[in-house]
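Coordinates in review
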Amino acid sequence: MAVAVTTQRFDRERRHLLFLCAIYGIAYYLLFQAVDTMIGLAGFSLWFPAAGLRFALIFVFGWRFGLIAAAIEIAVQGLLGEWAHWHYSPAFIVLGISAPPLIYSMVMGVFRRKNLISIYFQQHHHAIWFVLAAIIIPAITAPVSTALQILGNRLPASTFLDASLSFWVGDMVGILMVAPVAILAFSLSQPDNSRPPNFGSALAGKSFWAEFGALTAVTAILVFGAPGFLMTVKGFPFLLPLLWMSLRFGFKGSALAVFMVNLMVVPVVVQLGTEIRTEHQILLALLSATALIIGGLVTSKQHIESQLISSAHHDRLNVMGDMASQIIHELAQPTSITAMYAKESARLLASGKHSPDQITEAMDRIAVQTERLNNLIGNMKQFAAKGELSPRLTDTHTVINGARDLIDIFAKNLGVQVRYDLPRPLPIFVDGILLQQAIINLAKNGIEAMTASETKRLTISTRLSETTVDVSVADTGPGLPVNYQEGQSSKIDGMGLGLKITSGIADAHDGKLVWVTKNEAVIQLPIARKRAPLT
């Protein structure tokens, strides 16, 4: 059975490899023929999208694909008659044509082994190293390839610098244009369980394609409507759609925007003189690199927020699980009282010995208990729900009052007195549920730390400093140990994950968690200056 499964997997991988080789061969053939549209210095192209496809496939499948790419490129260039330009032995032809993909493979192998790059761009340095690779690898390849062509009598030695510059610009532009889109397409083709959460959600939204379409139309007007003006201002207007898509949608938006802008610019730039072409291609490459770095940084920020949301949600569920018995007790109380009043009302109605005031009083009490029960369930349901980071203008009273039910339930069960010192509502721009979780985590940690204390008192207070709104949680427990580090807990059996998540929540709101004493933790948040209705 195991042998059969292994054979099937081998056959599937072999078919996949053959299909990939066929696609690369066809694409390389078509893209190689397209390079004549952008002739630069020394008669070589300033636009080589085939390099971007090669870069992307080696990026995704590893250095071994470089060997396959070398063989395919040798065959395709032979089919196109490129071998005739080389005046030495077939071995020298093989060396000259295979050098670029082999150099790509070696350098990319170093990047992958050091985990500097990833197809999902989850870390802030991934996009930076991606762009550096797009610059460095062609910079290494260009002089080597030029030297081999000079040795093969394909180029005169006097063209070394010009040809190297053309090779470098052409490969760099091709990589920055094609590779991000190709990598994005591959990453979206992966199963959902192997991709980061919500990785492809932006592309599924109408907003993404509506904005992309609008920016494409604006770019087309800039390119084809006023090409003279566009060249006069050196193409800087392209920075606007590139930045917009990068900041709005991260790396996915920047990848598509860079592809779209580069593709539209080619018909205009080819009409310029050779030296001006080079200048504009280098400038556009710099704009593209800037957009991709910004998009990668936005995506890494989104990934960090997604991890925080996921960790915070698990933490909230753990809190609900730890407090399950107390919550059930609190829910049972209004339920039993409601049942008692309902039975009493039914008895009075059945006896016929009742006054309207008695029934009205009973109904009013049932309504009070039902509202209390509804509020408890609503707060707990909202607390346990999983959502996205969505800060909005609110105030400290609203947030803390939303957390009071759970804090009071937990404190009551362990005999802890809770004191709320809330002078006046202070405006804050936060995700209310996440801030409630941070406060509950600190309160729960403090309550559990006071198990062996004679005085059991928890104080939750707010105050306004010059630059921050401070939410303080203080207890009368033993306090944090002297050698406390983030991730530890003041509880004997605690793992301290709640404190770490609390610190992450504060960081996500441009605030911080500080310990002013060993018994008092303070969440410091920026003062909300946005004018908007409180929620």
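Everything numeric here is computed off the predicted structure, so don't read it as measured data.

This paragraph deals with the pairing of strand S4 (residues 457-464). As paired elements, strand S2 (residues 417-421) and S4 share 5 bridges and run parallel to each other. Within S4, the position partnered with Gln417 by the bridge is Arg457. Here 7 bridges tie S4 to strand S5 (residues 468-475), and the two strands are oriented antiparallel to one another. Within S5, the residue paired with Arg463 across the bridge is Asp470. Linkage of S4 to S5, two consecutive antiparallel strands, is achieved through a turn of 3 residues.

In the structure shown here, the tally under the stated rule is 9 aromatic pairs. Pairing Phe61 with Phe65 gives two aromatic rings, centres 6.2 Å apart and planes at 35°, and the pair type is tilted. Using a relative accessible area of 32% as the deciding quantity, one classes Phe61 as partly exposed. Taken together, the ring pairs connect Tyr24, Tyr28, Phe61, Phe65 and Phe186 into an aromatic cluster. Directly above the aromatic system of Tyr104 lies the positively charged group of Arg54, at a separation of 4.7 Å from the ring centroid.

A negative phi angle characterises most non-glycine residues, just as the trans form characterises most peptide bonds. In the Ramachandran plot, Asp510 falls in the positive-phi region, its phi being about 60° despite a non-glycine side chain. Structurally, the position occupied by Asp510 is in the loop between helix H16 (497-508) and strand S6 (512-517).

Spatially, the 5 strands line up as an open sheet ordered S2-S4-S5-S7-S6, and their pairing is mixed. At either margin of the open sheet sits one strand with a lone partner, and together these are S2 and S6. Sheet twist, expressed as the average angle between the axes of neighbouring strands with direction ignored, equals 20°. Direction of pairing for S6 relative to strand S7 (residues 520-526): antiparallel, over a ladder of 5 bridges. For Leu513, the partnering residue across the bridge sits in S7 and is Ile523. Taken strand by strand, helix H15 (residues 432-449) contacts S4, S5, S6 and S7, and its axis lies near 170° from that of S7.

This part takes up helix H4 (residues 90-113). Along an α-helix, residues three or four positions apart point the same way, because every turn accommodates 3.6 residues. Under the 1.5 Å per step criterion, the end-to-end length of H4 is 34 Å for 24 residues, consistent within 8% with the ideal 34 Å. Where H4 bends most, at Ala99, the angle is about 45°, and the proline Pro100 comes one to four residues later. Of the residues trailing H4, Asn115 is marked for its positive phi of about 55°.

Before going further, it helps to spend a moment on the environment of Phe55. Of note, Phe55 is situated in helix H2 (residues 49-61). On the basis of relative accessible area, Phe55 is assigned to the buried category, the value being 0%. Sequence separation of Phe55 and Pro180 is 125 residues, and the distance between their C-alpha atoms is 9.6 Å.

Our focus in this paragraph is the confidence of the model for the protein. Overall, the prediction assigns the protein a mean pLDDT of 77, with 74% of residues at 70 or greater. Segment residues 487-496: pLDDT under 50, and 21 contacts once partners within four positions in sequence are set aside and those in other chains are kept. Confidence drops under pLDDT 50 across residues 530-535; counting only partners more than four residues distant or on other chains, this segment forms 11 contacts.

Overall, the coordinates contain 5 salt bridges when judged by the stated rule. In this structure, the salt-bridge partner of Arg463 is Glu520, at a minimum N-O distance of 3.4 Å. Linking Arg463 in strand S4 with Glu520 in strand S7, this pair joins segments that are 57 residues apart in sequence. The exposure class of Glu520 is buried, given its relative accessible area of 17%.

Turning our eyes to something else, we now look at the nonpolar core. Formed by 70 residues in total, the largest nonpolar core has its most connected members in Tyr24, Phe55, Phe59, Phe130 and Ile183. The dominant element in this core, judged by the number of residues it contributes, is helix H10 (residues 239-269), at 13 residues. Residues Ile309, Tyr420, Ile501 and Ile505 belong to the second largest nonpolar core, which totals 39 residues.

This next bit is on the side chain of Thr146. Of note, Thr146 is situated in helix H5 (residues 124-151). A residue is classified by how much of its surface remains accessible, and Thr146, at 0% relative accessible area, is buried. Apart from the residues within four sequence positions on either side, Thr146 is in contact with Leu155, Phe160, Ala163, Ser164 and Phe167.

Our focus in this paragraph is the environment of Ile72. The residue Ile72 is located in helix H3 (residues 64-79) in this model. Setting aside chain neighbours within four positions, we find Ile72 in contact with Cys21, Tyr24 and Gly25.

Turning our attention to the side chain of Asn262. Its location among the elements puts Asn262 in helix H10. For Asn262, the side chain forms a polar contact with the side chain of Ser288, separated by 3.2 Å. Not counting chain neighbours up to four residues away, the residues in contact with Asn262 comprise Val173, Met177, Leu284 and Ser288.

This part takes up H5. In this model H5 runs 42 Å from its N-terminal to its C-terminal C-alpha over 28 residues, within 8% of the 40 Å that 1.5 Å per residue would give. Backbone geometry just downstream of H5 places Asn153 in the positive-phi region, at approximately 60°.

This part is about empty space enclosed by the protein. Taken as a whole and assessed by the stated rule, the structure comprises 4 cavities of 30 Å³ or more. Looking at the largest cavity, its volume works out to about 90 Å³. In terms of lining residues, the largest cavity is bounded by 12 residues, among which Leu442, Asn445, Gly446, Asp475 and Trp515 are the most central. Elements with a contribution of two residues or more to the lining of the largest cavity: H15 and S5. Broken down by element, the residue count for the lining of the largest cavity peaks at 3 residues, all from H15.

Calculation rules
- Residues numbered from 1 in each chain as written.
- Predicted model: local features only at pLDDT ≥ 70, side-chain atom pairs only at ≥ 80, totals over all residues.
- Heavy atoms only, no water.
- Pairing = 2+ DSSP bridges.
- Helix = DSSP H or I, 4+ residues; strand = E, 2+ residues; numbered from the N terminus.
- Phe/Tyr/Trp six-rings, centres within 6.5 Å; stacked < 30°, edge-to-face > 60°.
- Buried < 20%, exposed > 50% of the residue type's maximum accessible area, 1.4 Å probe, protein only.
- Lys NZ or Arg CZ within 6 Å of the ring centre and 35° of its normal.
- Axes fitted to C-alpha atoms, helices over the stretch in contact; angles between N-to-C directions.
- Contact = heavy atoms within 4.5 Å.
- Expected span 1.5 Å × (residues − 1).
- Bend = angle between axes of the 7 residues up to and from the residue.
- pLDDT = per-residue confidence, 0-100.
- Salt bridge = Lys/Arg side-chain N within 4 Å of Asp/Glu carboxyl O.
- Core = buried A, V, L, I, M, F, W, Y, C linked by side-chain atoms within 4.5 Å.
- Polar contact = N/O pair within 3.5 Å; in protein donor to acceptor, adjacent residues only side chain to side chain.
- 1 Å grid on protein atoms, 1.4 Å probe; cavity = no way out; pocket = protein on both sides within 12 Å on 5 of 7 lines; lining within 4 Å.
- Points joined across faces, edges and corners; volume = space filled by probe spheres on them.

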